[in-house]
Amino acid sequence: MKTTDNPMNQARLEAQLTHLRAADRCGAKTRTGRECQCPAIRGRARCRIHGGRSPGAPKGIKNGNYVDGTFTAEAIEERRWIKSMVATLGKGEQR
Ligand SMILES: [Zn+2]
């Protein structure tokens, strides 16, 4: 009886290694101060060790550091928008 899996056929292994080398790298800062550089989880910026599968800390009031909403993503974006509007209107008055 012949086996169908040829252990000397390394094509599949080489393909896997090629994909691994082409993968995005983890950008987490390590204790040496450099980037981790492990392959990142697909579609994420971090590897399996540095929270690649984690959705991150809870947003808004569910987060333990939430105080009054001054620094929520929406509030920051709103202030940024107001600042850009003020800058745009200010340019108009100079003429
Ligand atoms: Zn990492």
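Residues numbered from 1 in each chain as written. Predicted model: local features only at pLDDT ≥ 70, side-chain atom pairs only at ≥ 80, totals over all residues.

Q: Whenever I open this one, the overall build of the protein chain confuses me. Can you help?
A: For the protein chain, the helix and strand inventory stands at 2 helices and 0 strands. Computed over its C-alpha atoms, the radius of gyration of the protein chain comes to 24 Å, more than 25% above the 12 Å expected for a compact globule of 95 residues. When burial is assessed residue by residue, the protein chain has 4% of its 95 residues classed as buried. Relative to all contacts within the protein chain whose residues are 6 or more apart in sequence, the contacts with residues 24 or more apart total 2%. (Helix = DSSP H or I, 4+ residues; strand = E, 2+ residues; numbered from the N terminus. Rg over C-alpha atoms; globule rule 2.2 N^0.38 Å. Buried ≥ 20, exposed ≤ 12 C-beta atoms within 10 Å, placed from the backbone. Contact = placed C-beta atoms within 7 Å.)

Q: Just to check I follow, could you spell out the environment of Gln 16 for this structure?
A: As for its position among the elements, Gln 16 is in helix 1 (residues 11–22). Exposure remark for Gln 16: the 10 C-beta atoms within 10 Å place this residue in the exposed category. Between the C-alpha atom of Gln 16 and that of Ser 84, which follows or precedes it by 68 residues, the distance is 48 Å.

Q: What is the right way to read the domain arrangement of the protein chain from this model?
A: How big an interface is tends to be stated in terms of the accessible area lost upon association of its parts. Once the domains are mapped, the protein chain shows domain 1 (11–55) and domain 2 (57–95). Centre-to-centre, using C-alpha coordinates, domain 1 lies 33 Å away from domain 2. (Domains from an automatic or database assignment.)

Q: I tried to follow unusual backbone geometry on my own but got confused; where do I start?
A: Of all residues except glycine, most have a negative phi; of all peptide bonds, most are trans. Even without a glycine there, the phi angle at Gln 37 is positive, about 70 degrees. As for its placement among the helices and strands, Gln 37 is situated in the loop between helix 1 and helix 2 (73–93).

Q: Looking at this structure, I do not really get the environment of Ala 87. What am I missing?
A: Counting through the fold element by element, Ala 87 comes out in helix 2. Judged by the 9 C-beta atoms lying within 10 Å of it, Ala 87 is exposed. Each C-alpha atom, one on Ala 87 and one on Glu 35, is 37 Å from the other, the two residues being 52 residues apart in sequence.

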